[in-house]
Amino acid sequence: MKSQRLKSQSAILKNNSEFHLEEDDFLETRHKGVRSWILSHMFYRSNKYLMFIFFALIVFTSFFGSYIYIIIGKAIDVFSAGQSDQVVSYTFIVLFIGLGTPILGLLGRACREIVAQRIERDVRREFYLSLLGKSQSFHDRAPVGDTMARATNDVRFLNFLISPALAMILNAIINLIVPIYLIGSTYRLELMLIPIIFSIIFILYLRRFLRRLTPPTVSRRIAFGFMNTVLNESLSGIEVVKSMAQEEHSVEKYKDSAMSYRDAGIEQGDIQAKYLPLLLLSITVTLGLTIAVFYNRAGILSVGAVLGLVGLLLQLRFPVNASIRSFLMLQEAVVGAGRLLEIMNKKSEIFDSHDAVSKEIEGKVKFENVTFAYPGTQNKVLKKINFEVSAGQTVAIVGTTGSGKTTLTKLISRLYDIDDGRILIDGIDVRNFSLQSLRDQIAYIEQDIFIFSDSIFDNISFGRDSSEEQVISVAQEAQAHEFIENLPDQYNTEVGERGVQLSGGERQRIAIARAFLTDPKILILDDSSSSIDSETEERIQKAIFKILRGRTTFIITHRLSQIRWADLIIVLNQGEIVNQGTHEDLLKNSKEYQKIFIKRFDKTLDDLLGGD
Amino acid sequence: MSRKMGYFGLDEEGYDRIYSDRELFSRVIKLFKPYRRSMTIVIIFICLSSVTYGLTPFLMSLVIKQLELESNPLILIFFIINILILNSLGYVFNYVNRRTGNRMVYGVCYNLRRQTNLRVLEQDLSFFDKYPTGRIVSRINSDGQKFGGSVTMFTELISSFLMLIIVLIPMIFISLLLTGVFMLIVPIVFAFTLSFRKVSRRKSVLGQRSLAQVNAFVQESMAGIQIIKSFRQEESQFENFQAINDQSFRVNMSRALYLSILFPSLDILIAVLYALLIFFGGNFVTQGVLSGSDIYLFLQSSLILFAPLLQIAGFWPQFQEGLSAAERIFALQDSQSYIKQGDYILDSIKGKIEFENLGFEYVPEKPVFKDFNLEIQPGETVAIVGHTGAGKSSLTKILLRLYEFQSGDVRIDGHSIRDISLTEFRRSIGFIPQVPFLWADTIENNVTYGAPDAKREEVIWALEQAGGTEWVESLDNGLETFILERGKVLSMGQRQLIVFARVLLQNPSILILDEATASVDPFTELQIQESMERVMQGRTTIIIAHRLTTVRNVDRIIVLDHGKIVEEGNHENLMQKNGYYARLYNTYFRHQSYEFISSIKSKISETNP
């Protein structure tokens, strides 16, 4: 199942994103705009043959759908003339067309359904892939609920565009042309003017109709995204909502978003209700009837011809009626596609440079005048950071809350790019590493460990093809094996959102096991936790110290014991390094360090300073 | 993952249930009750516009009859003007009907969403433990949309029925026999479409579930994107996505293909019928039973009839999607919340808390508490300590009424918490969860979340109390800085400070502090601790302690083990007693010490040279 098309080390990188696959057939059309992008999907690979069959069949079936009226007209003339021998043959002609059309229609429908469902699948795949390729700063800002709305609902509208909207529109076009042609060919050429004038006004009106539908359609799609965002957020924070009895607040917020969705829908409906071609058609048909009556009086048209002419004009109601719905669907799809492209065409701030290198990291890390503000903000979270670590050393980062500790560690694996200065690993700027090679060799154990709704096994192996023995062995190293064995289904136990809830200490050990499996050269450990559970604590500490060995480690901690074990301690204050050195140095010389630690442990300070 | 019919993860949710069509319909009709007026208008105007459009071919045939009779041109003009007026009226009727109908449908969907949202928020936490957010969101929003779409079909159904009747009447006058032939088809068509119903419903349900699955998957990968990136696991994540996306493709394809058989098959039935009509009609005309214009009108009318007939027949299988959406939403609305709520409003809570013979379990047969007893006096500060799984957090969640207990009672100032109205009660309890949760809103609004009327000065006061405002001032827009979803970009410590300030503003009578295991540096923690101590005065406080440094100054320490109190007393007493707590305390500080770390280091070096 492993995709062979992964392109990360490859050199030609037109697609500037953090992650993408070798073949991106829509790269070009995405940038050309909504129309060419949708078309490129419609005619993608074998879709074009299906589309061709579908087009051909719809022309064919629509034509016969109209033609049957002519046949009936003829049949009546023949029957009226008393030719009873023709009855059977006309019966068979009608039967033949009547049976043939739906059978071919079924084939056409199948083709269009296949294309429609494929487009939904392929577009969603393309969109999801593009989400994976966006940089962290994008994800920080994109509300999850809105992204969900785009990935499900906006994508689905492209499905509806093909089936049924496009079918309805094609059908409408043919139903517009055929009566015009038949009027001209069967009756009189100048009579064609009536439906032609109608068609011109009709088409002009449709353009205006589409334009007027745009604003409410855009706001309806946005409102849907917002409705999803609000709901998703309030359900994610349900514990807070409930414990503060703020359900009403959540309800109000959701109500507002649902209301703007409703209002946009109403506006769309109001525009649809005013749909003028319905009235126009009535006028056209009466006009046609009047003219036909005059022609009849003048002896140019027979009564049967008047009947036929009116019948053909009445057929224009099919395109008129179908366009109300189909053009709204068309507009929904265009707006939805626009929303998808809006995200997909956003440039990722981070991507592999064209000469990105992949190499084994030894683990020397150097920060040179590193300055950083989160994209879109002015506040410098880190200012002129300078330090150097040799391979295999352990660096402890300490500082008061908000001083930039976690941010600093995120920069090493290039989750964000810095504004100024350089970060070097083994003397190479991290921006010159390929992301694959860089992140493969750096493991990150976050503060708030994220567990996926999946089995324990999959949470540890996390995408790698690992054997059971490997997973068990790293779980043992991470001191997690024992508690996993006590879970209802051991390694197959489902955890996460709908599974077993793991405690903080258990999550941490899963994350450590995950890191063991990747065997990184650089390890980042945001370990500010402390468990009072002595047994757990001992296990966690064991696991941590096991994993530190032989790697360059950045550890964010407030545990004096761990700090003292570090080769280098960096003291951060408001984004600046105020001191660096060893525990003993800092305790003597750093006011900031003293501020953080001395007060708290004043009672036991003597013991701690004494060390033994 | 469990597999069903070759699909994975598309099983029903625990709260899903099957409603009979009758139940569903009466529920749907109930939704339309507030729109009785609109409904009346829609029905009246649908009737009017159907009549006008239905009469047009009839009037036209009259005109043509006049032509055959070669009558006065004035009569012809009179007829034609009438047709024009009738059609213009039809346009107006249609406008009113569409506009009102659309407004009604959006109104109904809006109410449905609001109700469902309300019902979901009433659920206790055990519900959210079981059902992923992404799937609930999909159910309320996407199924709501599906339902709305189907309701529109319903109004079209009414107009189809009317069309059927209006056009059928003149046909009966032309030829009863031919109409009889025509009517032969009706039962066959209906029997045929009804046979589609069941499978269509099943396939629709699967389609909706697979969409919910995609939704939930996207939600989770966006929530966990940082770790996916850090481990460079985009590819494996993408493969998992492919599996789900491909499944959704297969499910929807199978539904679409199945439904696409429906109409062509009906067309075939109709073709046979039409051939029959031509055959009989042709014979009638050649035998002089019927005139040419009669048969023309009859055939023309029957062509017009097929559209509404097909619409009526096709309604049922297609409406299954709307019904399954309605069923999914109603099931969500009807799922029972286990929390019972009384209407007694406690005016001012003094803060006496009693747990009496409390019995509680998350999963049946695995009790967390059995006959648990504890009494906390007003104003007392109690710390609860114990190993993971001892029941510390459960105790506070029971008190907050986030989970329902099974036996015994919990009383506040002597009133059972089951009799108390939840809103006032929860607002007078300040709860600080282990992991701080922030809303995508400004810092100020996050602080005032529990007290929306608080003034700017109060917000600043609260933040000062919670460890200072310096860091807020350093942000781009100070208090008005907009925090991104879940507080991303703020440090975990800063998020905690905001949550502290939030609870301070709420000014609760009872304070519950589920101490964070992580994040705040010792200096800030000390600051918070000092302000907490001030805040705790005069309030009943329960601290779930994860760091033993906090517990030294509390009035009473409760040591929990497997849902039972093993020791209680203050720090000094318990240390003197030299029991469970003393051991816990000593090992905790031992673990903070250098020797401990060194010993582990050397142990590891020994085992893995």
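All residue numbers refer to position in the chain's written sequence, counted from 1. Both sets of labels track the order of writing: A upward for chains, 1 upward for ligands. Local features in this predicted model are restricted to residues whose pLDDT is 70 or higher, and side-chain atom pairs enter the listing and the counts only when it is 80 or higher, whereas totals over whole chains, interfaces and linings include all residues. Each side-chain value is worked out from all heavy atoms of the structure, with water and hydrogens disregarded.

1. Considering the pattern of salt bridges
Side chains carrying opposite charge are able to pair once their charged atoms draw close together.
Phase 1 of the analysis: Note on definitions: salt bridges are taken to be side-chain nitrogens of Lys or Arg within 4 Å of carboxyl oxygens of Asp or Glu. Evaluation of the coordinates by the stated rule reveals 46 salt bridges over all chains.
Phase 2 of the analysis: A salt bridge links Arg139 of chain B to Asp16 of chain B, with the shortest nitrogen-to-oxygen separation between them at 2.9 Å. Of the two residues, Arg139 of chain B sits in helix H5 (residues 133-174) while Asp16 of chain B sits in the loop between strand S2 (7-8) and helix H1 (21-32), which places them 123 residues apart along the sequence. For the pair shown, Arg139 of chain B and Asp16 of chain B are each scored as buried.
Phase 3 of the analysis: One network of salt bridges, in which partners are shared, links Asp146, Arg150, Asp154, Arg221, Arg339 and Glu342 of chain A. By the criteria applied, helices consist of DSSP H or I runs no shorter than four residues and strands consist of E runs no shorter than two, each listed in order from the N terminus. Throughout, exposure labels follow a simple rule: accessible area from a 1.4 Å probe, protein chains only, divided by the maximum for the residue type, with under 20% read as buried, over 50% as exposed, and the rest as partly exposed.

2. Thoughts on the side chain of Asn252 of chain B
Phase 1 of the analysis: Checked against the element boundaries, Asn252 of chain B lands in helix H8 (residues 234-286).
Phase 2 of the analysis: A polar contact is formed between the side chain of Asn252 of chain B and the backbone oxygen of Ser248 of chain B, at a distance of 2.9 Å.
Phase 3 of the analysis: Only heavy atoms enter the contact rule, under which two residues are in contact if any of them lie within 4.5 Å. With sequence-adjacent residues up to four places away left out, Asn252 of chain B is seen in contact with Gln117 and Arg156 of chain A together with Gly207 and Ser210 of chain B. Think of a polar contact as two N or O atoms within 3.5 Å of one another; within protein, one of them needs to be a possible hydrogen donor and the other a possible acceptor, and neighboring residues in sequence only count if both atoms come from side chains.

3. Things to note about helix H3 (residues 47-80) of chain A
All names here are of chain A.
Phase 1 of the analysis: The span expected for a helix works out to 1.5 Å for each residue beyond the first. Relative to the 50 Å expected for 34 residues at 1.5 Å per residue, H3 spans 49 Å between its end C-alpha atoms, a close match to the ideal helical length.
Phase 2 of the analysis: The principal kink in H3, of about 25°, is found at Ser66.
Phase 3 of the analysis: Positive phi appears at Gly82, one or two residues downstream of H3, with a value of about 85°. In this scheme, the bend at a residue equals the angle between the axes fitted to the seven residues that finish there and the seven that begin there.

4. A word on the interface of chain A and chain B
Phase 1 of the analysis: Between chain A and chain B, the residue contacts involve 185 residues of the former and 181 residues of the latter.
Phase 2 of the analysis: Between chain A and chain B, roughly 17500 Å² of surface is buried when both sides are summed, and carbon and sulfur atoms account for 65% of that area.
Phase 3 of the analysis: Where chain A touches chain B, the interface holds 4 salt bridges.
Phase 4 of the analysis: At the boundary of chain A and chain B, one finds 25 residue pairs in polar contact (both at pLDDT 80 or more).
Phase 5 of the analysis: If one sorts the elements of the side of chain A that touches chain B by residue count, helix H4 (residues 86-133) of chain A sits on top with 24 residues.
Phase 6 of the analysis: When its residues are assigned to classes, the side of chain A that touches chain B shows 76 nonpolar, 62 polar and 47 charged. Values labelled buried area give the accessible surface lost by two parts on being combined, using a 1.4 Å probe and summing over both. Put simply, Ala, Val, Leu, Ile, Met, Phe, Trp, Tyr, Cys and Pro go in the nonpolar bin, Asp, Glu, Lys and Arg in the charged bin, and everything else, Gly too, in the polar bin.

5. Describing H1 of chain B
All names here are of chain B.
Phase 1 of the analysis: Here H1 contains 12 residues, and its C-alpha end-to-end distance of 17 Å stays within 8% of the 16 Å for a straight helix at 1.5 Å per residue.
Phase 2 of the analysis: Of all the positions in H1, only Leu24, Phe25, Arg27, Val28, Leu31 and Phe32 are classed as buried. Down the axis of H1, the buried side of the element spans an arc of 160°, and every buried residue falls inside it. Exposed side chains of H1 directed beyond 90 degrees from the buried face belong to Arg22, Ile29 and Lys30.
Phase 3 of the analysis: Contact partners of the buried residues in H1: helix H2 (36-69), helix H3 (73-122), H5, helix H6 (176-223) and helix H9 (292-334). This arc corresponds to the set of directions leading from the helix axis out to the C-beta atoms.

6. Here's the deal with the sheet that holds strand S7 (residues 415-416) of chain B
Residues and elements named next belong to chain B.
Phase 1 of the analysis: Strand pairing follows a simple DSSP-based rule, namely that at least 2 bridges must link the two strands. Spatial strand order, S4-S3-S6-S7: 4 strands in an open sheet with antiparallel pairing. Two strands bound the open sheet, and with one partner strand each, they are strand S4 (367-376) and S7.
Phase 2 of the analysis: Note: strand S6 (residues 407-412) against S7, 2 bridges, orientation antiparallel. What sits directly across from Ile412, in S7, is His415.
Phase 3 of the analysis: Packing against the sheet, helix H10 (residues 392-399) makes contact with strand S3 (353-361), S4 and S6, and its axis sits at approximately 110° to S3. Every axis corresponds to a line fitted to the C-alpha atoms, with the helix fit spanning only the stretch in contact, and the corresponding angles, defined between N-to-C directions, vary from 0 to 180 degrees.

7. A short note on the side chain of Asn159 of chain A
Residue and element names in this part refer to chain A.
Phase 1 of the analysis: With respect to the helices and strands, the residue Asn159 is situated in helix H6 (residues 144-186).
Phase 2 of the analysis: Only 3.2 Å separates the side chain of Asn159 from the side chain of Gln117, close enough to count as a polar contact.
Phase 3 of the analysis: If we skip the residues at most four places from it in the chain, Asn159 touches Ala116, Gln117 and Glu120.

8. Regarding the sheet that holds strand S9 (residues 510-514) of chain B
Residue and element names in this part refer to chain B.
Phase 1 of the analysis: Across the sheet, 6 strands lie side by side as S8-S9-S10-S5-S11-S12; this open sheet has mixed pairing. A strand with exactly one partner marks an edge of an open sheet, and here the two such strands are strand S8 (429-432) and strand S12 (564-569). Each adjacent strand pair in this sheet contributes to an overall mean axis angle of 15°, direction not counted.
Phase 2 of the analysis: Bridge analysis of S9 against strand S10 (residues 540-544) gives 5 bridges, and the strand direction is parallel.

9. Observations concerning the packing of H5 of chain B against H6 of chain B
Residues and elements named next belong to chain B.
Phase 1 of the analysis: Interhelical geometry of H5 versus H6 gives an angle of 170° and a closest axis separation of 11 Å. What the angle tells us is that H5 and H6 run roughly antiparallel. From H5, Thr133, Gly134, Arg135, Val137, Ser138, Ser142, Asp143, Lys146, Leu168, Met171, Ile172 and Ile174 reach across to H6, where they touch Leu176, Thr179, Phe182, Met183, Gln208, Leu211, Ala212, Gln213, Asn215, Ala216 and Gln219.
Phase 2 of the analysis: Of the residues assigned to the contact of H5 with H6, the class counts are 11 nonpolar, 9 polar and 3 charged. Orientation is classified from the angle alone, with under 35 degrees giving roughly parallel, over 145 giving roughly antiparallel, 65 to 115 giving roughly perpendicular, and any other angle giving oblique.

10. Quick word on the nonpolar core
Phase 1 of the analysis: Remark: nonpolar core denotes a set of buried residues (Ala, Val, Leu, Ile, Met, Phe, Trp, Tyr, Cys) joined through side-chain atoms within 4.5 Å. Among the nonpolar cores identified, the biggest contains 236 residues, and Trp37 and Leu158 of chain A together with Phe147 and Ile412 of chain B are the most heavily contacted of them.
Phase 2 of the analysis: When residues in this core are grouped by element, the largest group, 23 residues, is from H9 of chain B.
Phase 3 of the analysis: Ranked by size, the runner-up nonpolar core spans 51 residues in total, among them Phe452, Phe462, Val495 and Ile512 of chain A.

11. Quick look at the environment of Val230 of chain A
Residues and elements named next belong to chain A.
Phase 1 of the analysis: Assignment of secondary structure puts Val230 in helix H7 (residues 193-236).
Phase 2 of the analysis: When the C-alpha positions of Val230 and Asn459 are compared, they lie 29 Å apart, and in sequence the two are 229 residues distant.
Phase 3 of the analysis: Residues contacting Val230, with those up to four places away along its chain left out, are Lys253, Tyr254 and Ser257.

12. What to know about the pairing of S6 of chain B
All names here are of chain B.
Phase 1 of the analysis: Across 5 bridges, S3 lies against S6 in antiparallel orientation. Looking at the pairing, Ile353 lines up with Ile412 of S6.
Phase 2 of the analysis: Between the end of S6 and the start of S7, which pair antiparallel, lie 2 residues, with Asp413 showing a positive phi angle near 45°.

13. With respect to a positive patch on the surface
Residue and element names in this part refer to chain A.
Phase 1 of the analysis: A cluster of like positive charges, contributed by Arg207, Arg208, Arg211, Arg212 and Lys274, occupies part of the molecular surface.
Phase 2 of the analysis: Along the polypeptide, Arg212 turns up in helix H7.
Phase 3 of the analysis: Using a relative accessible area of 30% as the deciding quantity, one classes Arg212 as partly exposed. Surface patches are defined over residues having more than 30% relative accessible area and no salt bridge, joining like charges when they lie within 9 Å and nonpolar side chains (Val, Leu, Ile, Met, Phe, Trp, Tyr) when within 5 Å. Note on areas: these come from Shrake-Rupley sampling with a 1.4 Å probe, and a residue is covered only by the protein chains present in the view. In this tally Asp and Glu are treated as negative and Lys and Arg as positive; neither His nor the chain ends contributes. Think of each charge as sitting on NZ of Lys, CZ of Arg, CG of Asp or CD of Glu.

14. Here's the deal with a nonpolar patch on the surface
Phase 1 of the analysis: A cluster of nonpolar side chains, contributed by Val88 and Phe92 of chain A together with Val272, Leu276, Phe279 and Phe280 of chain B, occupies part of the molecular surface with about 490 Å² of accessible area.
Phase 2 of the analysis: Contributions of two or more residues to the nonpolar patch are made by H4 of chain A together with H8 of chain B.
Phase 3 of the analysis: No other element matches the 4 residues that H8 of chain B contributes to the nonpolar patch.
Phase 4 of the analysis: Structurally, Phe279 of chain B can be placed in helix H8.

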